[in-house]
Structures are given as structure tokens and as C-alpha cells.
Amino acid sequence: MSESGRAADVDSTEYKTPLAHLQELFHSHFIGPPTSPPRQSVPNGSRADDPDTLSADAPDTSPLSNGRKPSADNMKTELTFSARKSSNSEMKDASSTKTPLPVAGTPENDTEGKAEKEDKKPTEIEVVFTTAFEEAETPATCMEKIKAIKRLYWALYVVTTLLAALAIFYVENNSAQREWHLLTGYAWVCLMLAYGDGTPREYFRPIDETNTDGRKFYAFWLIAMTSFVSWVMAKSIQNSSKLGARYGMLGGLAYAAWFVGVFTTGVIIYLLRKQGYYSLPDFINDRYGPLATVMFELTVMYRLYNEVWSNTIVIADFFGESLSDTWKLAAWVSMAIPALYTLIGGMRASLYSDALQAVLMCVLLAMTYYTIVSQIHSNEALQLYAKEYHESDSLWSYNPVKGRVMFSLEGGMDLFWTGILQGALSYTFMDPALTDRAFLASKEVMVGGFALGGALAVAYVTVFGFIGVYGNMLGNCVADGFCPATDLKGATAASVKGGEPSAVATVLGPAYYSLICLVIITSAISTLDSTFSAVAKAVGPDLHGFITKGRPVNPSEADATDVLLGRLAIVVVGICGTLPLLYDPDELNATTVTGTMVPGLGPPIYMAAFACLVSQAWSGRRTTTKTRPLLFLLPFCFSAALGTIYQMASQAENCAPFKLTACAAPDWLATPTCATYSTYYKCVRASGCWDDADNVQCLAANDTLTNKLGSCNLECAVESRYSTVVDLSGFNVGQGSYKNLFGVNLVSAVGALCMFLFAASDDLLEKRLEAAKAKTDASNALEISL
């Protein structure tokens, strides 16, 4: 069944909020409606308003009762909004069986008016309020509710503004870092956008198939902006900058390859929606059964949990040294801001903030790019050095390693193809922060919005990599003695050379430090609010519906319990996702490569989506009670097992250079402390890039520090616990730094597809055997008859 068929009971006009319904109720029922609502028919010769002629069990059909007889046991007021379209013929049929309430000044036999109505063919929208009042509401009561709602909003606006003003005053009075003003102002704007009257439907799915008509332009741009910013994480652009420092322009482009998945996700979910599905859990539950749904939801929640710390840590790095008090405070605040306004407004608040964040991110990045280009052109020494030793002074063709072919596997193409494999075929499906948005608006509007959003995401991540390219250019120039150390403006050469965004921002000056900080804040918070809205939906309509009704519930049909559970889940995931940062964030490095474990999610989804193009027999919801859990579980478990083995394999063969650049080697002369070098070498080991050269250097540093300080015990000769147990070197493709990562993902993607096809062959064999059996039975019957 199509989405429009399943939503037949929902008004296809623009959705109205409770405040708008109250206002419409007041004007239509108390000021004077054009037509009267039907009343209960009464016996001939009796008065319509005589209570003695009405049965005690007869329903009350007044506009406010919805046919429910008031009860003294139930005094709560429920407001449920539904709309029913009645065709002109239905209205005439109703008038033949019900006695309409006469309206003053309107003759009962107004043939002219009837003819006019026939010509215009009006559509009657009947707004029904389910209530349990002892008495019908008066105009004064209705208006008082409207005023109360408006007063609540104004009170929230005032309180939010006062709190923001107090925070700004505190920062100024205590001479705190000025970037706190950015967080405060950002929180104020997002909270102001979050306030508003809403329903469970608006909380989870404010724009869907039923209310896109009439505002397609608005919906298209909203979908395009939210698909763009919801997946451009702070961690993503930080990695893009560091990879730009390592590989030049190709580094940013390689990381941008993951964002091709925004477009492919739009296309695949468009095909699923054509088959009548309203969410990915709904599709998986219908096709592959409850066990597959549980496995998918667990994977999703693990992913959402990781997104909390991986984005807050990037913001915290701009506010102090790791694990310092200000660093911890920034981590908590950057988590609390999106959690709070998503707690209030849900998906609706997330969408509105995404639109603002998208414009802000693009403007700020354009300003940063222009500044970097200007500084290169004004630094003659830097230009000469880059042309002489790195082939070019252009951000687009600068080569961090002269002589290395840029567009080669060694030059970063292995990471590019890894991004294509993961991003286009599997990685996005484990992230409901993106996929939930693919079920917004109409199918046609959504797929166009995702195409534009994906193009913007690829371009944005690629351009952000130029920050790291400039950092590497300047850092190398200073390290080689061609540029003065004052060009670094206090930043460490290793951090600038490694493309650390905060270090490059320091080089650009205080104003641009704040600007890049705002870019990071915008990117991180836009991802976090998408994460929290996805958490609310996963726990509310998805899991709660699965437990209570046996299937994930359509978010458009969610109830107040789903909203409550979703809000509780936001609080729990927000706190649990931030707590690990307060102890040892280095221990979290292994979780950043979860994409290696999920190529198995791709075939069960994209194969089912594209199968409808081959045969209608494979399209739509199941027509039998038979599910195929093996089609999901076999490829999923295969890739998860291979990804886990990859994580356990020898770290020296699984080097992640973008983590290594974050280690920031200390200055051998300025900081001769054992703790500094212990932290540095611990970071190198965690990156997976530890080799014999690092071991020799570590031993030399340990001897030097022991001579200077008296004692120092650096852990140098340390190998992975699994280095002699698992060997995945046979999967290597090429000679680049990511040869093993690329090979493992290639094997995982192809293997998962083969597993899916192997499990699907059961259907083909079953049909072929049934046909053979039928042929044999027919032959036997013929022989018997002869």
C-alpha cells in the first residue's frame, strides 16, 4: 500500500498546530460558521433541543464532544485533531438522514445557494475536538486558552534571554575565553527556534507525504539544508583538515567521498518509500523479522552514542588543554545545548536550526578560505618555498611530499575508494541522524533535496581540507627555516604542520580563531541535534512501538508516551555519551572505525530497494507471514565479525594517520618532562602507527630525559596483544597508508553481497523445486490415467 493510501485518514492540507486549531475553533464555532454542523436526528414531532427525546445512551454530537457522552469520572481534557474530507455527494447523503440545525438568516430551501455550492464543489473540513467537559466551552474559555499558550511562549522567550544575558555577563566579569560568547549566543538562537506549540507528530515528523503540497519550495530547501549539515560532523571536518595536511587537496576530497552516501541514501530510500515503508526499522521488520530489527536498532544506538563524544570533544579542544576544567565544561555545555532544544522541539527544532546552521557554515568557511588565500599571496617567502620544495603554492596543487604522485593509492586514493565503498553502500544506513530525514516531505521533494544536500556536503568537506593544506605549507616552511617562527603566532609547529584546526586558527589571528571555532561549533551542534532527534525516534516510535505493538510505529502516528520516552532517551544518551571524555578519551580511538564493521548493512537494504525495478513480485510489503531473517543476519554478522577482527589485528598494520597527526610531537627543547613524552607516545601507539623508528626514538628520548631529570620510564617496546594472532596483510591493496583498511572494506563489501545472494538463492531453489515437483506430479497423473 502506498503512503498516501495508508494516510487516508490524515488531512492532506497544511498541518495546523494546536494554537492554530484553537483559533480556528473560536472563529468558526463562536463568531459564525458558514454552515452548521449536523445534529443528532430526533423523532418526528419532537423538538431537537428537548432532552427528553434523546436516549440516555445517545452520543452527544456537538462540535466539541466528538460523540462522547461527558462523564464525571473523566474530567481530563484531551485535544486530538483530525480532519475528514467529505465530498459533495457525501454531504447530500448526510443531509438526507440528519436534520441540520437551522442557521439564522439562511433559508432551509435555498436552491440558489445549493446551486452555487454545486458549482464551487466545496470541501468541508470538519475539525473534531475530543473532550470530556461537563459543559461545552464558551468563547471566553477558548480565547483564554489561546492567551495562556501565547503567555507561555513569551515567558520562555524572556527567561531564555535573561539566562543568555547572565551568561554573557559572567564571561565578561571573569575575563573568560571570548569563545564562550559564541556558545551562549548559539544556545539562545536555537532555543528561541525550538519553542512552539506541537504535537507528537510534529515532534517526530513535522513534514511528511500528507502536508508537503502547497509548500514544496520551502520543504525542498529545508530538506536540502538538513541533509547537508546533519552529517557534516565536527569530527568530519577536523579529519578533513588533518588529511589535507597529509595528502594535500586529495586528503579533503578523500574524506568527502563518504558524503556521496547522502545522495545514494536519498535514491535508495525513495525506492523504499515507493513500496510503502515509512522508516528503515519498518522495512527491516517487515522483510527480515524481529531479530533483524533488534540487531539493527542496537547498531543504531551504538552509533548514536559514539556521535555524542566524537563531536563534543572537537568543541572542547578550542576551550583548553585536554581534561582541564574548562575543557570538561565545554564538553558538557556543547552536549547540553542541542540536547535541551531538541528535548523541547524534537525534529521540528532540529530542522529549523539546521537551516540556520547551513547558511552560517557556508558563509564562515568562505570567509576563512578567502583569508587563507590572501595570507599566502602576501607571504613571499612562503610562496617561494612551496613552489621550490612542494611543487606549487596553490591550495589545489600543493603536494606535502614532493615526488609522491598525488592521485595514486600511495597519495591517498586508497582512502578515497574506502570512502566510496563505505559511504555509498552501507555507512549511512547505520546513522538515523541522516536516514530519518529521508522520510520527511514527499518522496519527490526529498530525493531532490538529498541530491543538493549531498553535493553541498562533498564540496564543504573538500574545501575545509584546505585549512590543513595551508597549515602543512606554513609548518614545513617554518620547520625548514625558510619562514620566521613568528609566523606561527604562538602555535606549535607540529600542530600547525599536522593541520590541527585550532592550531591553524591561531596562526590566522584572534578574529579567525573565533571564526573557525564558530564553524566547529555550528558543525558539531548541527550533528548533535540530529543525533538527539534520532535517539528520540529510535526509542519512542521504533522500540516502544516494536515492544507494545509488534512493529515500529509510523512517527506520524506517535503518541505522548513516545514523546516522553524519546525525551528520557535524549537525557540518558547525552549523559552517557559525554561521561567517557572525562576519564581517558584516548581509549575511544577504536570506536572511530565502526564503519569497517557495517558493510553488511548495505545489501539487505539496497538490494531490496533496487529489486522493485526488476520485478513487481519483489516490491512492496510482504503478502505472506514468512520473513527472511537470514538475508539480513548473514551479511551483517559476516561484516561485523571481519570488522572486529580488523580492530584486533596488529596496530602497526592498521595505521590511522589522521589520528597520528593529532598527537602533536612535543618540542624537544622547550618541554623536557617525562609526562609530556609519555602522553605523546601513548597517542602514537593508539593511532596504530607505531613502528621501529618510533621505538628507537622513544628509547632515545627515555635516555635523554633520564639523564636530565634523574628518572623516566617511557613505555617503548610495546606490541599489540593480537599481533601474533591475526594477520590481515593478505587483504592489502596497494602500498598506501590505508592499504589494509581499503582491502578489508573491499572484502567485507563484496563478501556481504555474496552472503546476501547466497541466502536469497533459497527462494529461487524453492520455486524451482516446486515447479519440478508439480511437473512430476502432472506426469504421474497422466501415466495413471493412461
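Considerations on the overall build of the protein
Next up, step 1: From N to C terminus, the protein includes 27 helices and 2 strands.
Next up, step 2: Of all 786 residues assigned to the protein, the portion counted as buried reaches 48%.
Next up, step 3: A separation of at least 24 residues holds for 81% of the contacts in the protein among residues at least 6 apart in sequence.
Next up, step 4: Taken as a whole, the protein presents about 36,100 Å² of accessible surface, with 62% of it coming from carbon and sulfur.

Here we look at the packing of aromatic side chains
Next up, step 1: Under the definition given, this model contains 21 aromatic pairs.
Next up, step 2: Ring pairing ties together the aromatic residues Tyr 277, Phe 283, Tyr 288, Phe 632 and Phe 636, which thus form one cluster.

Examining unusual backbone geometry
Next up, step 1: With a phi close to 60°, Ala 441 is a non-glycine residue in the positive phi region.
Next up, step 2: By secondary structure assignment, the location of Ala 441 is in the loop between helix H16 (432-435) and helix H17 (443-479).
Next up, step 3: In this structure, Lys 489 takes a positive phi of about 55° despite not being glycine.
Next up, step 4: Using a relative accessible area of 46% as the deciding quantity, one classes Lys 489 as partly exposed.

Observations concerning the state of the cysteines
Working definition: the covalent bond between the sulfur atoms of two cysteines is a disulfide.
Next up, step 1: In this structure the tally under the stated criterion is 1 disulfide.
Next up, step 2: Here Cys 477 connects covalently by a disulfide to Cys 483, the sulfurs 1.9 Å from one another. Negative torsions about the S-S bond denote left-handed disulfides, and the value of about 75° found for Cys 477 with Cys 483 makes this one right-handed.

Quick notes on helix H11 (residues 260-274)
Next up, step 1: With 15 residues, H11 extends 22 Å between its outermost C-alpha atoms, agreeing within 8% with the 21 Å of an ideal straight helix rising 1.5 Å per residue.
Next up, step 2: Listed in full, the buried residues belonging to H11 are Gly 261, Val 262, Thr 264, Thr 265, Gly 266, Ile 268, Ile 269, Leu 271, Leu 272 and Arg 273.
Next up, step 3: Gly 276 sits one or two positions beyond H11 and adopts a positive phi of about 100°.

Focus: the nonpolar core
Next up, step 1: The biggest cluster of nonpolar side chains holds 151 residues, and the ones touching the most others in it are Val 232, Phe 283, Tyr 288, Tyr 460, Tyr 470, Ile 520 and Phe 632.
Next up, step 2: The element that contributes the greatest number of residues to this core is helix H13 (residues 325-378), accounting for 16 residues.
Next up, step 3: Non-local contacts of Tyr 288, meaning those with residues more than four positions away in its chain, are made with Phe 283, Pro 604, Ala 608, Thr 627, Arg 628, Pro 629, Leu 631, Phe 632 and Phe 756.
Next up, step 4: Core analysis: the second largest hydrophobic core is formed by 11 residues, Cys 674, Tyr 680, Tyr 681 and Cys 712 among them.

Quick look at the confidence of the model for the protein
Regions with low pLDDT carry predicted coordinates that are not meant to be interpreted in detail.
Next up, step 1: For the protein, per-residue confidence averages 75 on the pLDDT scale, and 70% of positions sit at 70 or higher.
Next up, step 2: Confidence drops under pLDDT 50 across residues 1-19; counting only partners more than four residues distant or on other chains, this segment forms 43 contacts.
Next up, step 3: Counting interchain partners and residues more than four positions distant, the pLDDT-below-50 stretch residues 586-592 has 14 contacts.

Remarks on the packing of H17 against helix H19 (residues 501-508)
Next up, step 1: The interhelical angle for the contact between H17 and H19, taken along N-to-C directions, is 70°, at an axis separation of 10 Å. Classed by the angle they form, the pair H17 and H19 counts as roughly perpendicular. Here H17 runs over H19; the crossing is left-handed. Contacts from Phe 464, Ile 467, Tyr 470, Gly 471 and Leu 474 of H17 reach H19 at Pro 501, Val 504, Val 507 and Leu 508.

Concerning the side chain of Ser 502
Next up, step 1: Secondary-structure assignment places Ser 502 in helix H19.
Next up, step 2: Ser 502 has contacts with Phe 318 and Tyr 513, leaving out every residue within four places of it along the chain.

Looking at a nonpolar patch on the surface
Next up, step 1: Taken together, Leu 193, Tyr 218, Tyr 352 and Leu 356 make up a surface patch of nonpolar side chains, about 320 Å² in accessible area.
Next up, step 2: Looking at the element boundaries, Leu 356 is found in helix H13.

Remarks on the environment of Glu 715
Next up, step 1: Checked against the element boundaries, Glu 715 lands in the loop between helix H26 (692-709) and helix H27 (739-785).
Next up, step 2: Along the primary structure Glu 715 and Arg 685 are separated by 30 residues, whereas in three dimensions their C-alpha atoms are 10.0 Å apart.

Some words on the side chain of Thr 428
Next up, step 1: Inspection of the secondary structure puts Thr 428 in the loop between helix H15 (409-425) and H16.
Next up, step 2: Judged by relative accessible area, Thr 428 falls into the buried class, the value being 1%.
Next up, step 3: Setting aside its immediate chain neighbours within four residues, Thr 428 contacts Trp 231, Gly 261, Val 262, Thr 265, Gly 423, Leu 434 and Thr 435.

Observations regarding the pattern of salt bridges
Next up, step 1: Tallied over the entire structure, the rule returns 7 salt bridges.
Next up, step 2: Here Glu 202 ties to Arg 348 by a salt bridge, and the two come within 3.7 Å at their closest N and O atoms. Pair noted here: Glu 202 is in helix H7 (residues 200-204) and Arg 348 is in helix H13, with a separation of 146 residues, a long-range link. The pair Glu 202 / Arg 348 is uniform in exposure class, with both members buried.
Next up, step 3: For Arg 303, the salt bridge is made with Glu 307, and the minimal N-O distance between the two is 3.0 Å. One end of the pair is Arg 303 and the other is Glu 307, both in helix H12 (residues 280-316) and 4 residues apart, which spans about a single turn. The pair formed by Arg 303 and Glu 307 is uniform in burial state, with each residue classed as buried.
Next up, step 4: Three or more residues joined by partner-sharing salt bridges are found here, namely Arg 303, Glu 307 and Asp 431.

Let's talk about the packing of helix H9 (residues 234-247) against helix H10 (residues 249-256)
Next up, step 1: Closest axis-to-axis distance for the H9/H10 pair is 6 Å, and the angle between their directions is 145°. Note on packing geometry: the crossing formed by H9 with H10 is right-handed. Here Ser 236, Asn 239, Ser 240, Leu 243, Gly 244 and Tyr 247 of H9 come into contact with H10, specifically with Met 249, Leu 250, Gly 251, Gly 252 and Tyr 255.
Next up, step 2: For the contact of H9 with H10, the class distribution of residues is 5 nonpolar, 6 polar and no charged.

Quick word on helix H6 (residues 179-194)
Next up, step 1: Its 16 residues place the ends of H6 23 Å apart at the C-alpha level, agreeing with the 22 Å of an ideal helix rising 1.5 Å per residue.
Next up, step 2: Buried residues of H6: Glu 179, Trp 180, His 181, Leu 183, Thr 184, Tyr 186, Ala 187, Cys 190, Leu 191 and Ala 194, and no others.

Quick notes on the environment of Leu 440
Next up, step 1: Mapping Leu 440 onto the fold places it in the loop between H16 and H17.
Next up, step 2: For Leu 440, a relative accessible area of 0% corresponds to the buried category.
Next up, step 3: As for Leu 440 and Leu 222, which are separated by 218 residues in sequence, their C-alpha atoms are 10.0 Å apart.
Next up, step 4: Residues contacting Leu 440, with those up to four places away along its chain left out, are Arg 205, Pro 206, Ile 207, Ile 223, Arg 273, Met 347, Leu 351 and Met 446.

Calculation criteria
- Residues numbered from 1 in each chain as written.
- Predicted model: local features only at pLDDT ≥ 70, side-chain atom pairs only at ≥ 80, totals over all residues.
- Heavy atoms only, no water.
- Helix = DSSP H or I, 4+ residues; strand = E, 2+ residues; numbered from the N terminus.
- Buried < 20%, exposed > 50% of the residue type's maximum accessible area, 1.4 Å probe, protein only.
- Contact = heavy atoms within 4.5 Å.
- Areas by Shrake-Rupley, 256 points an atom, 1.4 Å probe, with all protein chains shown as cover.
- Phe/Tyr/Trp six-rings, centres within 6.5 Å; stacked < 30°, edge-to-face > 60°.
- Disulfide = S-S within 2.5 Å.
- Expected span 1.5 Å × (residues − 1).
- Core = buried A, V, L, I, M, F, W, Y, C linked by side-chain atoms within 4.5 Å.
- pLDDT = per-residue confidence, 0-100.
- Axes fitted to C-alpha atoms, helices over the stretch in contact; angles between N-to-C directions.
- Parallel < 35°, antiparallel > 145°, perpendicular 65-115°, else oblique.
- Left-handed = near helix turned anticlockwise from the far one by under 90°.
- Patch = residues over 30% accessible without salt bridge, like charges linked within 9 Å, V, L, I, M, F, W, Y side chains within 5 Å.
- Salt bridge = Lys/Arg side-chain N within 4 Å of Asp/Glu carboxyl O.
- Nonpolar A, V, L, I, M, F, W, Y, C, P; charged D, E, K, R; others polar.

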